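Analysis of the macromolecular model
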Amino acid sequence: MAIKDFVTMLTGKRLVGFDIGDRYVKIAVTVSGRIKKCVIVKTPDGLVSDGVILSMDAMADCLRETAKSHHIAHGTAAVVMPDPLVYTKIVDMPAMTESQLNYNLPFEFRDYLTDDKSNYIFDYAVRRIVTDVDGEPIGMNVMACAVLKRSIAEYRSMFRRAGFPMKCAYPAEYVGDMIIRRYAAEKCDNVKPEHCCLVDVGYKSTGLYFYHDGNYVVKHTVAIGISDFDDIVAEQLGVDCHVAHSYVLSDYNNVCGVGYAEEFYADLASEMLQTVNFYNHSYASGRLSDIYIYGGGYGITRLVDAVRDVLVGMNVHPISDVFCDDMKCDKPWLFANACGATLENSGETVISVKEAADE
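Rules of the game
Residues numbered from 1 in each chain as written. Predicted model: local features only at pLDDT ≥ 70, side-chain atom pairs only at ≥ 80, totals over all residues. Heavy atoms only, no water. Axes fitted to C-alpha atoms, helices over the stretch in contact; angles between N-to-C directions. Helix = DSSP H or I, 4+ residues; strand = E, 2+ residues; numbered from the N terminus. Parallel < 35°, antiparallel > 145°, perpendicular 65-115°, else oblique. Contact = heavy atoms within 4.5 Å. Nonpolar A, V, L, I, M, F, W, Y, C, P; charged D, E, K, R; others polar. 1 Å grid on protein atoms, 1.4 Å probe; cavity = no way out; pocket = protein on both sides within 12 Å on 5 of 7 lines; lining within 4 Å. Points joined across faces, edges and corners; volume = space filled by probe spheres on them. Core = buried A, V, L, I, M, F, W, Y, C linked by side-chain atoms within 4.5 Å. Buried < 20%, exposed > 50% of the residue type's maximum accessible area, 1.4 Å probe, protein only. Pairing = 2+ DSSP bridges. Phe/Tyr/Trp six-rings, centres within 6.5 Å; stacked < 30°, edge-to-face > 60°. Polar contact = N/O pair within 3.5 Å; in protein donor to acceptor, adjacent residues only side chain to side chain.

A word on the packing of helix α4 (residues 172-186) against helix α9 (residues 332-340)
Contact geometry for α4 and α9: axes closest at 9 Å, N-to-C directions at 95°. The pairing of α4 with α9 is recorded here as roughly perpendicular in orientation. Here V175, M178 and I179 of α4 lie close against α9, whose contacting residues are A336, N337 and G340. In terms of residue class, the contact of α4 with α9 is built from four nonpolar, two polar and no charged.

Now the structure itself:
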């Protein structure tokens, strides 16, 4: 079932976006569609692994205490789901009704599902309708997702315990899609990021989200993240990873400018270049022109400079360049996903995950 009515954000209502990572929990609070507050707190050790929450009760308590200590009034929650829990695909299908689409979607995921299809929730966003010469629909381009019902039930229970009833859950691919579409809709007199890549330099890995003609097409994950840099610093300086991470954040004793740091930047930039080149080869009609970087890695200036030096011929921007006025906040590179999850969809069919109890 399409969930557009289920996730409509009403004027004047408070929506709280959550991006829960291995190292940090990022929270963005919106009122009437505008960002009012952004909060980042350290994730308790051992509570999240590869984005997957290991104890929902403990995370609920963490969120509740965070809300209390940072004076976040309770509101409806929108959460970015971790990659291991949700499958996302771009699918070209014949034109069909909503009921036909709901019936056919599970078959698009038959090679991915590990449980019986009855244990999954399937959802979608129709991004483009293809018509014939007479204007009759003959096809559709759909972003679809599948997630286990029990995963959504666990998230719903966790947020209820934390005091934030869960309204919707998004795959990261669609959050980026909403950001790009909002930019394209509101910045029509400027250059649109039609052929671009959003690069999330995260703690455990780096995600590259590619857009062709303004539409998301594919994601590639590079298995290099800031935690790898922490490990290098820890080994070189003989400290534990927590101390090493604090050194990286503060550039203690120029730790971000030494030789082994430059080697790390070069390795990550090289992997990114290989991925971009492969994409350009596959989509020769729309070569990438712009790279938008966010995530914790953007806070390391020398890393961003290294990426800019390697990706010759492309414009490397901060993610804030595609943020509209209602998404302005301090350190936007940290809150891109949390802010994006709060975006209003202007009545479009949206891809989110329906609460299991409302099936």
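Digging into empty space enclosed by the protein
Here the structure, examined in full by the defined rule, presents one cavity of 30 Å³ or more. When its volume is computed, the largest cavity comes out at roughly 30 Å³. Together, A172, G176, I179, L198, Y209, Y211, Y294 and N337 line the largest cavity. Of all the secondary structure elements, the ones that give two or more residues to the lining of the largest cavity are α4 and β12 (206-212). With three residues, the top contributor of residues to the lining of the largest cavity is α4. Class assignment of the residues belonging to the lining of the largest cavity gives a composition of six nonpolar, two polar and no charged.

Focus on the nonpolar core
In terms of nonpolar packing, the biggest core is built from 37 residues, with F229, Y265 and I291 touching the most fellow members. Elements supplying a minimum of two residues to this core: β11 (196-201), β12, α5 (226-237), α6 (241-250), α7 (259-282), β14 (290-294) and α8 (301-310). Here this core takes nine residues from α7, the largest share from any one element. Sequence-distant contacts of F229, defined by excluding residues within four places in its chain, comprise V248, V255, C256, A261, F264, Y265 and I300. By size, the runner-up hydrophobic cluster in this structure holds 35 residues, among which are A28, Y294, M327 and L343.

Side note on the sheet that holds strand β8 (residues 120-131)
Taken together, three strands build an open sheet; the order of strands is β7-β9-β8 and the sheet is antiparallel. Edge positions in the sheet fall to β7 (86-94) and β8, since each has one partner strand and no second. For this sheet, the mean angle separating the axes of adjacent strands, direction not counted, is 20°. Across 11 bridges, β8 lies against strand β9 (residues 137-148) in antiparallel orientation. Bridged to D123 within β9 is C145. Against the sheet, helix α3 (residues 149-162) touches β8 and β9, its axis set at about 65° to β9.

Thoughts on the packing of aromatic side chains
How two aromatic rings sit relative to each other is given by the distance of their centres and the angle of their planes. If you walk through the whole model with that rule in mind, you get 15 aromatic pairs. On the basis of an interplanar angle of 65° and a centroid distance of 5.8 Å, the ring pair of Y211 and Y216 is categorised as edge-to-face. Across this residue pair, the class does not change: Y211 and Y216 are buried. On the basis of an interplanar angle of 20° and a centroid distance of 4.3 Å, the ring pair of Y247 and Y252 is categorised as stacked. On the basis of relative accessible area, Y247 is assigned to the buried category, the value being 18%. In textbook terms, an aromatic cluster arises when at least three aromatic residues are bridged by ring pairs, as seen for F18, Y155, F159 and F164.

With respect to the environment of D45
Mapped onto the fold, D45 is located in the loop between β3 (34-42) and β4 (48-49). Taking the C-alpha atoms as reference points, D45 and D22, separated by 23 residues in sequence, lie 8.5 Å from one another. In terms of polar contacts, D45 uses its side chain to reach the side chain of H242, at 3.3 Å.

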